[in-house]
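Residues per chain are reported as follows:
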Amino acid sequence: MKIAFIALVVLLGVSASRAVRLVDAPSNQKGGAQGRVVGGEVAEVGFAKYQISLQGMYGGHMCGGAIIAERWVVTAAHCVDGFNPSYLRVISGTNVYFKPGATHEVQEFWMHCNYDNPVYHNDIAILLLTEPIVFNELTQPIPLAVTPLQDDDDVILTGWGDNVLWGGTPDNLHKLNTKFMSYKKCNETYVGASMLDVGHICTFTQVGEGSCHGDSGGPLVSDGYLVGLVNWGMPCAAGYPDAYANVYYYRDWIRKIMSENCRSCQCSASNYRMAKNMRNVANAHKM
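Here is what the cut-offs are and how they apply
- Residues numbered from 1 in each chain as written.
- Predicted model: local features only at pLDDT ≥ 70, side-chain atom pairs only at ≥ 80, totals over all residues.
- Heavy atoms only, no water.
- UniProt positions renumbered as here; feature names shortened; annotations may be inferred.
- Buried < 20%, exposed > 50% of the residue type's maximum accessible area, 1.4 Å probe, protein only.
- Helix = DSSP H or I, 4+ residues; strand = E, 2+ residues; numbered from the N terminus.
- Pairing = 2+ DSSP bridges.
- Salt bridge = Lys/Arg side-chain N within 4 Å of Asp/Glu carboxyl O.
- Phe/Tyr/Trp six-rings, centres within 6.5 Å; stacked < 30°, edge-to-face > 60°.
- Lys NZ or Arg CZ within 6 Å of the ring centre and 35° of its normal.
- Axes fitted to C-alpha atoms, helices over the stretch in contact; angles between N-to-C directions.
- Contact = heavy atoms within 4.5 Å.
- Disulfide = S-S within 2.5 Å.

- As annotated in an unreviewed UniProt entry, the protein chain carries the name Peptidase S1 domain-containing protein and is attributed to Stomoxys calcitrans.
- Per UniProt, the comment on the protein chain under Sequence similarities (unreviewed entry) is "Belongs to the peptidase S1 family."

Laid out in structure tokens, this is it:
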């Protein structure tokens, strides 16, 4: 018997937008223990040198993200949707979000042209900073994924997300060691729910471990490569997989934005046709 899902979607926000998209749990979900990030531990200083805190001009952590080059940061599209770039600040080189190693202004950002079309799909954005980031012992870029992950590969999530649902932002960056779950298995867990597509990857280990609001856009890393960006999940660490934008899937889109060769939706049309074909192949495999 298929699990009945409640269609309600909750968009959480603090300080104008500490957005994380959380989906209500299935009707038979009993919930579970709440911990840190959730279920992780405090990260040692310099653990995630690529980690950033996306904030408003007056401070206040909104979302996570990752440094991928001197002037480039990636995050979730819902973290910047509706904002003027001049409102945003990127904080780097720190494990305490209100004690920045450096503060960077945002010159422009690009959300994927098919963001939220359908709803919850293509939730990825790339930010161009006004000045280059100075790399040092606490600030470094992370390379994009070059190969797909395999079931049960080890991955690491970092962020300043709430320790518990509706809790407060922890001062210190937290980390969580978890496991990659293939799109196929994740899709089976969610019974083919429409908000999950092949542009997502998932993670799951056990109840009480996972992302929470404030983690959105934050980096998922495997073997030193950026593999995912937090998109959505059941609130919070309730025993279902968390979904991330699949960096390997969007790698070409990211590189084209950075190269200035493809910054309009029109020039991306071929990418969208390719994505549609990939979805058709994935759907065929589910039958």
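Now that the structure has been shown, we can carry on.
**Quick word on the pairing of strand β15 (residues 242–246)**
Move 1: Burial of β15 is extensive: 5 of the 5 residues sit out of reach of the surface.
Move 2: Where strand β12 (residues 200–203) meets β15, 4 bridges bridge the pair, whose relative direction is antiparallel. Within the sheet, the bridge partner assigned to His200 lies in β15 and is Ala245.
Move 3: Judged from the 4 bridges that link them, strand β14 (residues 225–233) and β15 form a sheet pairing that is antiparallel. Following the sheet pairing, Val230 is matched in β15 by Tyr244.

**Observations regarding the pattern of salt bridges**
Move 1: Using the criterion set out here, one finds 4 salt bridges in the structure.
Move 2: A salt bridge links Lys179 to Asp154; the nearest nitrogen and oxygen atoms lie 2.5 Å apart. Here Lys179 is found in strand β11 (residues 174–181), whereas its partner Asp154 is found in strand β10 (residues 154–159), with 25 residues between them in sequence.
Move 3: Taking the relative accessible area as the measure of exposure, Lys179 reaches 30% and is therefore partly exposed.
Move 4: Note that Lys184 and Glu188 form a salt bridge whose closest N and O atoms lie 2.8 Å from each other. Placement of the pair is Lys184 and Glu188 together in helix α1 (residues 183–189), with a separation of 4 residues, close to one helical turn.

**Looking at the packing of aromatic side chains**
How two aromatic rings sit relative to each other is given by the distance of their centres and the angle of their planes.
Move 1: Applying the stated criterion across every chain, the model contains 8 aromatic pairs.
Move 2: Ring geometry for Trp72 and Trp110: centres 5.9 Å apart, planes at 35°, overall tilted. Taken together, the residues span a long stretch of sequence, with Trp72 in strand β6 (residues 72–75) and Trp110 in strand β8 (residues 102–111) at a distance of 38 residues. Across the pair, Trp110 and Trp72 agree in class, each one buried.
Move 3: Taking the centre distance of 5.2 Å and the plane angle of 90° together, the rings of Tyr97 and Phe98 count as edge-to-face.
Move 4: Of the aromatic side chains, those joined through ring pairs into one cluster are Tyr120, Tyr190, Trp232 and Tyr240.
Move 5: Over the aromatic face of Phe47 sits the side chain of Lys175, whose NZ or CZ is 4.3 Å from the ring centroid.

**Here we look at the sheet that holds β8**
Move 1: Strand order in the closed barrel formed by 6 strands is β4-β5-β6-β9-β8-β7, and the pairing between neighbours is antiparallel. Pairs of neighbouring strands in the sheet enclose a mean axial angle of 40°, with direction left out of account.
Move 2: As paired strands, strand β4 (residues 51–56) and strand β7 (residues 88–92) are joined by 4 bridges and run antiparallel to one another. Paired with Ser53 across the bridge in β7 is Ile91.
Move 3: Sitting on the sheet, helix α2 (residues 251–259) touches β5 (61–69), β6, β8 and β9 (125–129), and the angle it makes with β9 is about 25°.

**Points about the state of the cysteines**
Move 1: For the structure shown, the criterion picks out 3 disulfides.
Move 2: The disulfide partner of Cys186 is Cys202, and the S-S distance across this bridge is 2.0 Å. Residues Cys186 and Cys202 share a disulfide whose torsion about the S-S bond is about -75°; that sign makes it left-handed. One end of the pair, Cys186, is in helix α1; the other, Cys202, is in strand β12, and 16 residues separate them in sequence. The residues Cys186 and Cys202 share a single accessibility class, namely buried.
Move 3: Here Cys212 pairs with Cys236 through a disulfide, and the sulfurs are 2.1 Å apart. Between Cys212 and Cys236 the disulfide shows an S-S torsion of about 80°. By sign, it is right-handed.

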